[in-house]
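# Secondary and tertiary structure notes
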Amino acid sequence: MAYDRTAMLKLLRPAMTRILTPLGRALVGRGIGPNVVTAIGTLGTVVSALLFFPLGQLTWGALVITVFVLFDLLDGLVARLGGKGGSTWGAFLDSTLDRVADAAIFAGLILYFIAGGDTLMAAVTLVCLIAGALVSYAKARAEGLGLTADVGLAERPERLVVALVAAFLAGLGVPYVLAGGMWLLALASVITVGQRVMTVYQQTRQQQGADEQTRER
């Protein structure tokens, strides 16, 4: 299910669950379900990214977005506390809205670079946005074909951590950190797409070889 899909979230879960449990209970007590939590988290991320980043409020933007990104953990907690667990629809909605949130974060940074007249970094950040979407699509498409594509340097948690930490530090005045973060993400994301394409290619070749051996028998 989408609520347990990454190693990074699994490592964070024990500590964050203890912190978020009181809030989760409060939401369940008011009849708020996990899908609503997912939608609120996405809406908050989109609004924050497109409001703070283009205005140059990088530190505040990174902090507020981080709060809403934690809804990735809260929605699963609300589902468990409500006794319903994760649903197929909830998993689909969560994964789909994750793409919307990711696009908003990088779109906000692109607008920030454009406002500052830095077209090169706007283009690099656009590569981050497109390649990040392809990383997720490659995995989803492979799984839809009965294959796997879990390899790669830059999955969603890593991309978010690099982007938000870089934005936060840049807002504090640390030089070159945001540009360096975007270049790193662009390279890592492109490499990850290539890794997943090659992984799927190898699996299809293996399947083709197995099918040919079966027919020869």
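Use the structure listed above.
Rules used in this analysis
Every chain begins its residue count from 1, and numbering advances along the sequence as written. Confidence filtering applies because this is a predicted model: local features only for residues at pLDDT of at least 70, side-chain atom pairs given and counted only at 80 or more, and all residues used for totals across whole chains, interfaces and linings. Hydrogens are left out, water is left out, and the side-chain values use all remaining heavy atoms of the structure. Secondary structure elements are taken from DSSP: a helix is a run of H or I of four residues or more, a strand is a run of E of two residues or more, and numbering for both begins at the N terminus. Here the accessible surface of atoms and residues is derived via Shrake-Rupley with a 1.4 Å probe, and residues count as covered only by protein chains that are part of the display. Among buried residues, the Ala, Val, Leu, Ile, Met, Phe, Trp, Tyr and Cys ones that are joined through side-chain atoms within 4.5 Å form a nonpolar core. For every residue, the accessible area obtained with a 1.4 Å probe (protein chains only) is divided by the maximum for its type, and the residue is called buried under 20%, exposed over 50%, and partly exposed between those limits. Any two residues having at least one pair of non-hydrogen atoms within 4.5 Å are treated as being in contact. Only protein atoms enter the calculation, which uses a 1 Å grid: trapped sets of points that fit a 1.4 Å probe without letting it out are cavities, open sets showing protein on both sides within 12 Å along at least five of seven lines are pockets, and any residue with an atom within 4 Å of a point is a lining residue. Grid points are joined across faces, edges and corners, and a volume is the space filled by probe spheres set on the points. Polar here means any residue outside two lists: the nonpolar Ala, Val, Leu, Ile, Met, Phe, Trp, Tyr, Cys and Pro, and the charged Asp, Glu, Lys and Arg; Gly therefore counts as polar. Contacts described as polar in this section are N or O atom pairs within 3.5 Å, which, within protein, must combine one atom able to donate a hydrogen with one able to accept it, while residues neighboring in sequence count only if both atoms come from side chains. Salt bridge, as applied in this entry: a Lys or Arg side-chain nitrogen positioned within 4 Å of an Asp or Glu carboxyl oxygen.

Another point: the overall build of the protein chain. In terms of helices and strands, the protein chain carries eight helices and zero strands. Each helix and strand of the protein chain, ordered N terminal to C terminal, gives the series α-α-α-α-α-α-α-α. Split by element, the accessible area of the protein chain, about 11,600 Å² in all, is 68% carbon and sulfur.

By size, the foremost hydrophobic cluster in this structure holds 24 residues, and its most contacted members are F53, F106, L109, A167, L178 and M182. Listed by contribution, the elements that provide at least two residues to this core are α3 (58-69), α5 (88-115), α6 (119-144), α7 (156-171) and α8 (177-216). The contact partners of L109, leaving out residues within four places of it in the chain, are F53, L58, T125, A167, L178 and M182. One finds V37, L73, L74 and V78 within the second-largest nonpolar core, a separate group that totals eight residues.

Checked against the element boundaries, W183 lands in helix α8. Leave out the neighbours within four places in its chain, and W183 touches L120, M121 and V124.

Another aspect to go through is empty space enclosed by the protein. Per the counting criterion, the structure on display carries two cavities of 30 Å³ or more. When its volume is computed, the largest cavity comes out at roughly 100 Å³. Considering the residues around the largest cavity, the lining is formed by 15 residues, among which G41, T42, F68, D72 and D98 are closest to the centre. Within the residue set of the lining of the largest cavity, elements represented by two or more residues are α2 (34-52), α3, α4 (71-81) and α5. Of the residues belonging to the lining of the largest cavity, the class tally is six nonpolar, four polar and five charged.

This next bit is on unusual backbone geometry. With a phi close to 65°, Y176 is a non-glycine residue in the positive phi region. Within the secondary structure, Y176 sits in the loop between α7 and α8. The exposed category is assigned to Y176, whose relative accessible area is 74%.

So, about the side chain of S48. By the element assignment, S48 lies in helix α2. Within the structure, S48 has its side chain in polar contact with the backbone oxygen of G44 (distance 2.7 Å). Leave out the neighbours within four places in its chain, and S48 touches F53, V64, I65 and F68.

All right, on to the environment of L27 then. Tracing the backbone shows L27 in helix α1 (residues 7-29). Here L27 is in contact with I32, V37, L74 and V78, once residues within four sequence places are set aside.

Working definition: two side chains of opposite charge can pair if their charged atoms are close together. By the definition in use, this model includes six salt bridges. Where D98 meets R156, a salt bridge forms, and the shortest distance between an N and an O atom there is 3.5 Å. Note that D98 is positioned in helix α5 and R156 in helix α7, a separation of 58 residues in sequence. Given the relative accessible area of 5%, D98 is considered buried. Residue D102 is joined to R99 by a salt bridge in which the shortest nitrogen-to-oxygen separation is 3.8 Å. Within this pair, D102 and its partner R99 are both found in helix α5, separated by three residues, close to a single helical turn. Three or more residues are tied together by salt bridges with common partners; here these are D98, R99, D102, R156 and R159.

So, to be careful, I would describe these as geometric facts and stop short of saying anything about function.
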